[in-house]
Amino acid sequence: MSHVTTSTTHPSSDTESLSDFDVLGGDPEHISIPGPSASKGELLETLKALQVQMQRLQAENRSIKEENKTLHADKPKRKRRADTQHEFSVHEDTITIYARKHGMMVEMFPSSELLNKKRPASPTAFDSSERYVTAATEETAFLDELYRHFPELLHKVMESSFFSDLVLKSIPDARANEIKKLRGVAGDIFGLPAKYFTNPQYDRASVPEIRQLLGVTSTSNVVYKTFPPVLFPKLIEDKSLKTVFGNWELLARILKASLHGVASLHQESSGGGAHTNSLKWSVHQITPGSIAWAAVIVIFLLSPDTEFSNSSTGKKSNICYRNLFHLYKKVLVTKWATKRIATIVTNINHYIFKPSILPNKMITQMQSIARLQRLKWTSLSALTEPDATTSTNAGDSELRDPHVSDPDILGGENTQDVEGSISNSARGRGKMRAKKAAASGGAVRRGRSRK
């Protein structure tokens, strides 16, 4: 009688042996060691059962070792990942601020494929006219502009998905916020009824004035132009694009409202409070990207579209705003140094960032006071001062606004005439005294006589 509880069927392979052993549960108590009187067959059968059990234990041991290796390898990785996330999150606010600025001033639709790339060793300069020569130069210029825009302390974070995800979220959020604000003042910006814009669902495609601005001539087969009349001075299109962006004041209003706040549109000065974009971002002049941004926003506000889609293509108009921005910025970058674009840039910068000036009425009042004071000082100097001469320019330098230089505002030629008459009057009195002294043979004396 066998002392082994396993089946007496001899397995033909190790796999079958392991399978049989699984049925027994691999418990050593199921194997009885035969005594001294056991036959050779019983001993062999017991030995075979023990070998099968040993194989199973070895397999389990190997499995446990591999699992331990995996656990040990994963544990520090999870810790490093947590540390990295914490390191990135420290810069979240800074990344958000610079991303919002980047979306308005630099790149309206940044490439998600390029945001995580390293900075090239020898990139094409972002402001070079050669930027758009090839796809390669455009890519390196994009990265050059990206790394120049974000501060150096963020460069080590910029190759992470945390950075790109945050940038691609911040830019659309900021743009949607600006559009919402601009809709409230778009009527003033375009000189059209406010209801066309305050209600995003308004049927703007049916408004003749808006169709004229966009160059749409048909109501049935609507085709939107890449360079619509609204971008040209007096809405006169120029196929050669020599006067494109010549309607600069419209673009300046868009940028001023976005940078200084909508209230600044009704102020003489640049305006703005502590929470305006211009102060948060330290913006003091416009860029090719900002003009292109304003041009795209102009077209979007006039279009029948209600929001920017993720694809950057208008759902109703089918306008690809991404392509518009790319083309507008390309024209501006390549023509930035020309006299025409330089004049447009100067005009927009002056409109947005010009210093505050005093109202004309106040300036006129101050000029009148200055003239009276100069007349009084000149008369007194001629009668009472021994050898002092009154400088009429001193009164000007103290009372004039240093930022005002327009002759019309300051009184122009009339001011000079008044000053001239005052000076001539003083000189006339001096000459008369000199003649009297010469006739009497005495010396010329100034001031009061002393007794």
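Everything below is about the structure shown above.
Keep in mind that what you see is a predicted model, and the values were worked out from it rather than measured.

Which parts of the structure should I look at to understand the overall build of the protein?
Of the regular secondary structure elements, the protein holds 16 helices and zero strands. When burial is assessed residue by residue, the protein has 37% of its 451 residues classed as buried. Across the protein, the fraction of contacts at a sequence separation of at least 24, relative to all contacts at a separation of at least 6, is 65%. A total accessible area of about 26,800 Å² is found for the protein, and carbon and sulfur atoms account for 53% of it.

I keep staring at empty space enclosed by the protein and nothing clicks. Help me out?
In total, this model carries two cavities of 30 Å³ or more according to the counting rule given. Empty space within the second largest cavity amounts to approximately 70 Å³. Taken together, R100, G103, M104, M108, I171, A174, R175, E178, W281 and W293 make up the lining of the second largest cavity. Mapped by element, the contributors of at least two residues to the lining of the second largest cavity are helix 3 (92-105) and helix 5 (161-190).

What exactly am I supposed to notice about the layout of surface pockets here?
Empty space among the atoms becomes apparent when a probe as large as a water molecule is rolled across them. The calculated volume of the largest pocket comes to roughly 520 Å³. If you go around the largest pocket, you meet 23 residues; those closest to its centre are F109, P172, R175, S309 and N310. Ranked by residue count, the leading element in the lining of the largest pocket is helix 5, at nine residues. When its volume is computed, the second largest pocket comes out at roughly 390 Å³. What lines the second largest pocket is a set of 20 residues, among which M105, V106, F126, E145 and T287 lie closest to the centre. Among the secondary structure elements, those contributing two or more residues to the lining of the second largest pocket are helix 3, helix 4 (135-149), helix 10 (288-302) and helix 11 (321-334). Examining the composition of the lining of the second largest pocket, we find that three residues originate from one element, helix 4, more than from any other. The residue inventory of the lining of the second largest pocket, partitioned by class, reads eight nonpolar, six polar and six charged.

Teacher, can you tell me more about the environment of A136 here?
Mapped onto the elements of the fold, A136 is located in helix 4. As for A136 and T124, which are separated by twelve residues in sequence, their C-alpha atoms are 9.0 Å apart.

Teacher, can you tell me more about the environment of G187 here?
With respect to the helices, strands and loops of the structure, G187 is situated in helix 5. A relative accessible area of 5% means that G187 is categorised as buried. Residues G187 and T198, eleven residues apart in the sequence, show an inter-C-alpha distance of 8.4 Å. G187 has contacts with L192, P193, A194 and F197, leaving out every residue within four places of it along the chain.

Explain the side chain of S303 to me, please; I cannot follow it from the model alone.
Structurally, the position occupied by S303 is in the loop between helix 10 and helix 11. Look at S303 and you get buried, because its relative accessible area is 0%. At 3.2 Å, the side chain of S303 forms a polar contact with the backbone nitrogen of D305. If near-sequence neighbours (up to four positions away) are discounted, S303 is found in contact with R204, L214, I319 and Y321.

Any chance you could explain unusual backbone geometry here in plain terms?
Residues other than glycine predominantly adopt negative phi, and peptide bonds predominantly adopt the trans conformation. Even without being glycine, F245 reaches a positive phi, approximately 70°. Turning to its location among the elements, F245 is positioned in the loop between helix 7 (208-214) and helix 8 (248-260). We classify F245 as buried; its relative accessible area is 0%. At S282, a residue that is not glycine, the phi angle is positive and equals roughly 55°. Mapped onto the fold, S282 is located in the loop between helix 9 (277-281) and helix 10. Look at S282 and you get partly exposed, because its relative accessible area is 48%.

Would you mind showing me how to read helix 11 here?
Count 3.6 residues to each turn of an α-helix, and residues three or four apart come out pointing the same way. Given a rise of 1.5 Å per residue, 14 residues ought to cover 20 Å, and the 20 Å separating the end C-alpha atoms of helix 11 matches this to within 8%. Looking at the buried positions of helix 11, the neighbouring elements they touch are helix 4, helix 10 and helix 12 (339-353).

Where do I start with the packing of aromatic side chains in this structure?
Geometrically, a pair of aromatic rings is defined through the distance of the ring centres and the angle of the planes. For the structure shown, the criterion picks out 14 aromatic pairs. On the basis of an interplanar angle of 75° and a centroid distance of 6.4 Å, the ring pair of F109 and F325 is categorised as edge-to-face. Taken together, the residues F109 in the loop between helix 3 and helix 4 and F325 in helix 11 connect sequence positions 216 residues apart. Judged by its relative accessible area of 9%, F109 falls in the buried class. The interplanar angle of 50° and the centroid separation of 5.3 Å between the aromatic rings of F227 and Y328 together place this pair among those described as tilted. Here the residue F227 occupies a position in the loop between helix 7 and helix 8, and Y328 occupies one in helix 11, the gap between them amounting to 101 residues.

Which parts of the structure should I look at to understand the packing of helix 10 against helix 11?
Any two packed helices are characterised by how steeply their axes cross, that is the angle between the axes, and by the distance between the axes. Orientation of helix 10 relative to helix 11, taken along the N-to-C sense of each, is 140°, at an axis distance of 8 Å. One way to sum up the angle between helix 10 and helix 11 is to call them oblique. Pair helix 10 / helix 11 crosses with right-handed handedness. Contact residues: P288, G289, I291, A292, W293, A295, V296, I299 and F300 in helix 10; Y321, L324, F325, Y328, K329, L332 and V333 in helix 11. Looking at the contact of helix 10 with helix 11 residue by residue, the class counts come to 14 nonpolar, one polar and one charged.

Reading guide: rules and limits
- Residues numbered from 1 in each chain as written.
- Predicted model: local features only at pLDDT ≥ 70, side-chain atom pairs only at ≥ 80, totals over all residues.
- Heavy atoms only, no water.
- Helix = DSSP H or I, 4+ residues; strand = E, 2+ residues; numbered from the N terminus.
- Buried < 20%, exposed > 50% of the residue type's maximum accessible area, 1.4 Å probe, protein only.
- Contact = heavy atoms within 4.5 Å.
- Areas by Shrake-Rupley, 256 points an atom, 1.4 Å probe, with all protein chains shown as cover.
- 1 Å grid on protein atoms, 1.4 Å probe; cavity = no way out; pocket = protein on both sides within 12 Å on 5 of 7 lines; lining within 4 Å.
- Points joined across faces, edges and corners; volume = space filled by probe spheres on them.
- Nonpolar A, V, L, I, M, F, W, Y, C, P; charged D, E, K, R; others polar.
- Polar contact = N/O pair within 3.5 Å; in protein donor to acceptor, adjacent residues only side chain to side chain.
- Expected span 1.5 Å × (residues − 1).
- Phe/Tyr/Trp six-rings, centres within 6.5 Å; stacked < 30°, edge-to-face > 60°.
- Axes fitted to C-alpha atoms, helices over the stretch in contact; angles between N-to-C directions.
- Parallel < 35°, antiparallel > 145°, perpendicular 65-115°, else oblique.
- Left-handed = near helix turned anticlockwise from the far one by under 90°.

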